[in-house]
Amino acid sequence: MNHLKKLELSRAQKVWIAIGIVVVMIIIHILGAQFFYSELGYHPVDTDEEYRNALSVSPFTARAFENGYTYEYDGKEITSVEELEQAM
């Protein structure tokens, strides 16, 4: 603080400088985490399996099946949640 007193800054200017320093420190921390931690420990999986998209079936879909609704996918009629999950 002695260095700031020598510059003869007002109290408001000192507060804005302190806020600016904190904001810059937060930005550096966020950007550093973004670049450092995003690839940390990542190793691609070696597999011969085909790509499969994860599917989460809504409870509303289950209710629709209970009410007699069906889906059609690749020409196959789907009548249950299990069949729908396997088809996708």
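Residues numbered from 1 in each chain as written. Predicted model: local features only at pLDDT ≥ 70, side-chain atom pairs only at ≥ 80, totals over all residues. Heavy atoms only, no water.

Remarks on the packing of aromatic side chains
- Counted according to the given criterion, the structure contains one aromatic pair.
- A ring pair is formed by phenylalanine 65 and tyrosine 71, whose centres lie 5.4 Å apart and whose planes are at 65°; its orientation type is edge-to-face.
- For phenylalanine 65, a relative accessible area of 11% puts it in the buried group. (Phe/Tyr/Trp six-rings, centres within 6.5 Å; stacked < 30°, edge-to-face > 60°. Buried < 20%, exposed > 50% of the residue type's maximum accessible area, 1.4 Å probe, protein only.)

Considering helix 3 (residues 59-66)
- Among all positions in helix 3, only Thr61, Ala64 and Phe65 are buried. Each buried residue of helix 3 sits inside an arc of 100° when the element is viewed along its axis, so together they form one side. Turned more than 90 degrees off the buried face of helix 3, the exposed positions are Pro59, Phe60 and Glu66.
- Summarising the contacts, the buried residues of helix 3 are in contact with strand 1 (71-73), strand 2 (76-78) and helix 4 (81-87).
- Once helix 3 finishes, glycine 68 follows within two positions and takes phi at roughly 100°, a positive value. (Helix = DSSP H or I, 4+ residues; strand = E, 2+ residues; numbered from the N terminus. Arc of directions from axis to C-beta. Contact = heavy atoms within 4.5 Å.)

What to know about a nonpolar patch on the surface
- Taken together, the side chains of Val15, Trp16, Ile19, Val23, Ile27, Leu31 and Phe35 define a hydrophobic patch exposed on the protein surface, amounting to about 730 Å² of accessible area.
- Secondary-structure assignment places isoleucine 19 in helix 2 (residues 11-37). (Patch = residues over 30% accessible without salt bridge, like charges linked within 9 Å, V, L, I, M, F, W, Y side chains within 5 Å. Areas by Shrake-Rupley, 256 points an atom, 1.4 Å probe, with all protein chains shown as cover. Salt bridge = Lys/Arg side-chain N within 4 Å of Asp/Glu carboxyl O.)

Observations regarding the side chain of threonine 61
- Here threonine 61 lies in helix 3.
- Residue classification places threonine 61 among the buried positions, given a relative accessible area of 13%.
- For threonine 61, the residues in contact, after removing those within four places along its chain, are Tyr71 and Leu84.

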